[in-house]
Each structure stands twice: as C-alpha cells, then as structure tokens.
Amino acid sequence: MSHQHSSQHLETLAIHAGNTADPLTGAVVPPIYQVSTYKQDGVGGLRGGYEYSRSANPTRTALEENLAALEGGRRGLAFASGLAAEDCLLRALLAPGDHVVIPNDAYGGTFRLFAKVVARWGVEWSVADTSDPAAVRAALTPRTRLIWVETPSNPLLGITDIAAIAEIARAGGARLVVDNTFATPYLQQPIALGADVVVHSLTKYMGGHSDVVGGALIAADAETGEELAYHQNAMGAVAGPFDSWLVLRGIKTLPVRMDRHSENAGRVAEMLSRHPRVTRVLYPGLPDHPGHEIAAKQMKSFGGMVSFLVEGGEEAAVAVCDRAKLFTLGESLGGVESLIEHPGRMTHASVVGSALEVPAALVRLSVGIEAIEDLLADLQQALTV
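Presented here is an overview of the structure given in this document. Keep in mind it's a predicted model, so treat the numbers as computed, not measured.

Looking at the side chain of Ser 244
Checked against the element boundaries, Ser 244 lands in helix α9 (residues 241–251). Under the relative-accessibility criterion, Ser 244 is labelled buried at 0%. If near-sequence neighbours (up to four positions away) are discounted, Ser 244 is found in contact with Thr 59, Arg 60, Leu 63 and Ala 239.

Overview of the pairing of strand β7 (residues 215–219)
Among the five residues that make up β7, five are buried, leaving the element largely enclosed by the rest of the structure. Side chains Gly 215, Leu 217 and Ala 219 of β7 all project onto a buried face; the interleaved residues Ala 216 and Ile 218 project onto the opposite face, where all are buried too. Sheet topology note: the strand β1 (residues 75–79)/β7 ladder contains five bridges and is antiparallel. Bridging from a neighbouring strand, Arg 75 pairs with Ala 219 of β7. Taken together, the five bridges between strand β6 (residues 197–201) and β7 define a ladder with antiparallel strand orientation. The residue bridging His 200 from the neighbouring strand is Ala 216, located in β7.

Here we look at the sheet that holds strand β9 (residues 305–310)
With mixed pairing, five strands are arranged side by side in an open sheet as β8-β9-β12-β11-β10. A strand with exactly one partner marks an edge of an open sheet, and here the two such strands are β8 (278–282) and β10 (328–329). Pairing of β10 with strand β11 (residues 339–341) involves two bridges; the strand directions are parallel. Looking across to β11, one finds that Thr 328 is bridged to Leu 339.

Cut-offs applied
- Residues numbered from 1 in each chain as written.
- Predicted model: local features only at pLDDT ≥ 70, side-chain atom pairs only at ≥ 80, totals over all residues.
- Heavy atoms only, no water.
- Helix = DSSP H or I, 4+ residues; strand = E, 2+ residues; numbered from the N terminus.
- Buried < 20%, exposed > 50% of the residue type's maximum accessible area, 1.4 Å probe, protein only.
- Contact = heavy atoms within 4.5 Å.
- Pairing = 2+ DSSP bridges.

Structure follows, in structure tokens:
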C-alpha cells in the first residue's frame, strides 16, 4: 500500500493516499458505502474483492490505505475503537503462556485489557520503565513475545527511545508495538525507527474533532499484516463506513492541526512551569524533561498534551479542573477544543492501587487550537485560589 506513495511528503499523503476519485462520478471525496453486502458476478465473482462489509468495505479500504501510507507500513487496518484494535493485536500475535512487557505508565484502558481480560486467557505481563532500555532488557523472559510502548505516554508524557527498544526486541525474539496516538504519524514514525506494529486510537488526533470513535493497527511487514487482517475479519470489530469517512476527513487537516496543537501546548507548558501553584510540568518540549533530547531526535515537535502537578494534592487538582471554563472537563483528547481532566479519578481510575497508579495531584490537558491568549487566561484563573 504505502510503498506506492513513498516519495510524497506526509502533508500530501494525508490528503491523497487512499482518496482516489470515485470512478463512477469523479467525486473527489470517497463515498460512504453504507452497505452490508455486494452483488457477485456469478458464484465467487467478486467486484474489487468485496463480498461482505465485515470483511471489507470500500470506505474503510480508503482509510486503511491512507493509514498505511502515513505510517510507512505495509498494511493498515481500521477498527471500531482503539481497544478493539489492541484486542485484535493481542489475540492475533499471542498465545497462552506468552509474556508481554508493558510500560509503567500505560493508558488505563490498555492496562485493564492486559490485567483483567488477556491475563484470564493465560498471557502473562510485567511492568517496566520503557524510558530505561536496561529496565526493558531486564524484564524480558524466554517467553516474551511483545514489548509494548507508548511515547509520549498517557498521562505522564514519558518518552521512550523507539530505536533502542526495537534493538532489544529483535535481540530477544520479540515484536515491538508502539502506541503512536499522542504523536500521530505527522510528528513521529515508529516503523521507520524499528517498530513492528503501530497502534492508534483514531478517536483522538487522527479524527481530531471529538465526533468519532475508532482504532487502527499498521503492520510493518506484509506477513504480520495478513495475520492481523485474518483476525480482524474473524473477530469483527471493524470500523463502520461513516466512521471511516469521518476519520479520513479529519486526517486531511492533521498536519496543520498538529502544528497548532504543538505550538499552543508549548506556550501552556512554559506558563505552567513558572506558576507558583504548579509543582511540576510534564511536557517533552521543556528542556528539563528527562526525555527531551530523545523526543527532539525522534519527533518533529512535541505534541498537544501537557500534564502538571498542583500544589495542595488531589483536592486542589480536582478544584483546578472544576474552575476551568474554556478547557472543558472531559475524558478523551486530541480534538480541536481544549480539554482538562483529573486522571486519577477519570481516565486512569482503573490503575489505582497498581504499579501504574498516577499521582493524585496530576491534571492532564489536551491543548486545543483556540487562541493561545484565551487558553492561558483560563488556566491562570483556574489556578487562582
């Protein structure tokens, strides 16, 4: 798929990859093929390979080709949600008795999937600080089949050296999976750095408008892609045609949105780092962030997510969330509007009491593309007691 577009820049791919003009009408936007089944020209005579929309749908195909091109992979697959994509990946590539290394600051839903669902199937997992290659190496066992990485991570904005962990994975006979949701392919290219599979929650920056839920897997090689595609069809949690169309529409503006998200987040992080009520700011764009140099090396810019700790602990952090006006109190992230949340009580409540528990004083921001002056003013008033 994506090798057909390898000479084009991502800004061009975002608009054109998979988005061929409709052959019937010349429409420049792929139609929404809201259909379940397809007329066959005789038994087994499929038009374009389509027979049933769980197996393939032209609108979803357009999105999947676009995703593969953006990530530089051989096969893209679109799912009903990010966790549906993760579930398919784990069941396709793992068997009972296998072992996975997961980050010590993984997304709460990912942790829940491992701890409460996959573990019952007989898959073992252990936690490591993936920002420390030595810790990852030490966590490997003879049965390790996957190393799971989020970079930047959710919600602590940790940074992992993808190329370094890819070497460790290869040496240990494991595959490297990278959740690229926070960075998107515009800011970071995990496959080029050695990843075997890239995971996305398309709900976030790829869709970009808080109006669709979706997930994706992009495989670096054709064999893995076929394995994942077989399980996608067998398990059935596919992206619907309208959802696929919405994500395709969102992706067309991904580069310009990510530029603005990153610019605004950098300004927000700088302001917070000077605020007397903020004890720590977690943003890889700040020079004092422990992963700053690696992030600068493997990312185009530093993204739109900022987390910070508030003086006064949990109740003070919750109060900041409650006082915000322009920053909407809500879960999820990556939309054009700014969001604020308390991870400990909201998105990461599932990891309370585990090795992945987040600080009680933590506030997470998804910095939108509004006027930066308005965003800064809202945070200033929210931090005022």
